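# Summary of structural features
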Amino acid sequence: MNTSSINYKQLLTYFSSIAYHHEQIKSFGFGDLAQCTNDLTTKQEPKYTRMYIVPGQVSLEENHLVYNLSIIIMDRVEDDQSNQSEVMSDTLEIVKDIWTVILQSFTAAQGDFSFYLVVNQRPDVIPILERL
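Structure report, in brief. (Residues numbered from 1 in each chain as written. Predicted model: local features only at pLDDT ≥ 70, side-chain atom pairs only at ≥ 80, totals over all residues. Heavy atoms only, no water.)

## Notes on the nonpolar core
The condition is simple: Residues enter a nonpolar core if they are buried and are Ala, Val, Leu, Ile, Met, Phe, Trp, Tyr or Cys, with the set joined through side-chain atoms within 4.5 Å. Here the term buried applies to any residue with accessible area under 20% of the maximum for its type, exposed to any over 50%, and partly exposed to those in between, with areas from a 1.4 Å probe on protein chains only. The helix count covers DSSP runs of H or I at least four residues long, the strand count covers runs of E at least two residues long, and both are numbered beginning at the N terminus.
Counting 15 residues, the largest nonpolar core has F15, I25, M51 and I98 as the members making the most contacts within it. Of all the elements in the fold, those that place two or more residues in this core are α1 (8-21), β3 (50-61), β4 (64-74) and α2 (84-104). Among the elements that take part in this core, α1 stands out by supplying six residues, more than any other. If you look at the next biggest cluster of nonpolar residues, it comprises five residues, including C36, V54, I72 and M74.

## With respect to the pattern of salt bridges
Cut-off, in case you're wondering: We define a salt bridge as a side-chain nitrogen of Lys or Arg found within 4 Å of a carboxyl oxygen belonging to Asp or Glu.
By the definition in use, this model includes two salt bridges. Linking R76 and E45 is a salt bridge whose minimum nitrogen-to-oxygen distance equals 1.7 Å. Residue R76 is found in the loop between β4 and α2, and its partner E45 is found in the loop between β2 (27-30) and β3; the two are separated by 31 residues along the sequence. With relative accessibility at 48%, the residue E45 sits in the partly exposed group. Between K96 and E93 there is a salt bridge, with its nearest N and O atoms 3.0 Å apart. Placement of both K96 and E93 in helix α2 is noted, with a separation of three residues, approximately one turn of the helix. Judged by relative accessible area, which is 45%, K96 ranks as partly exposed.

## Overview of the pairing of β3
To keep things clear, this is the line we draw: At least two DSSP bridges between two strands are required for those strands to pair.
Inspection of the sheet shows β2 paired to β3 by four bridges, in the parallel sense. Looking at the pairing, F28 lines up with M51 of β3. Across 10 bridges, the pairing between β3 and β4 is antiparallel. Looking at the pairing, E61 lines up with H64 of β4. Count of turn residues in the β3/β4 antiparallel hairpin: two residues.

## Looking at α1
Just so we agree on the cut-off: To estimate the expected span of a helix, count its residues, drop one, and scale the result by 1.5 Å. Definition of a polar contact: a pair of N or O atoms within 3.5 Å, with one able to donate and the other able to accept a hydrogen when the atoms are protein atoms, and with sequence-neighbouring residues admitted only if both atoms are side-chain atoms.
In this model α1 runs 20 Å from its N-terminal to its C-terminal C-alpha over 14 residues, within 8% of the 20 Å that 1.5 Å per residue would give. At the N-terminal boundary of α1, the capping side chain belongs to N7, with an oxygen 3.1 Å from the backbone nitrogen of K9.

## Notes on unusual backbone geometry
A cis amide bond, omega 15 degrees, links Y48 with the succeeding residue T49. One can find T49 in the loop between β2 and β3. Unusually for a residue other than glycine, Q81 sits at a positive phi of about 60 degrees. The residue Q81 is located in the loop between β4 and α2 in this model.

Shown next, in the form of structure tokens:
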């Protein structure tokens, strides 16, 4: 993800705004993957569905930074796994929604994400099922 004139804090603000305005996402966080099930603000278990950003390598290019971020959308699967397919389907749809917002937000009212962010045109989406 290339950014022309924004810093890491602003980038997180953009993603937080996307999460806040999405009707299915109930909490947002960022940091180390090991912390994804802890809400650093409230010190309690976060509300689900949760959007979580894990920072990766940052490269310095000519006049901008290239961030490698993992965007994780997670939700709870019941102990008997009765809602596993629903959770997988819903979280993949949320990923698609986020991608659409980033690519198609051309105006200030829509967030101007397309103006500030240049994203990988074919990002990998990897569904995972694991107990955290």
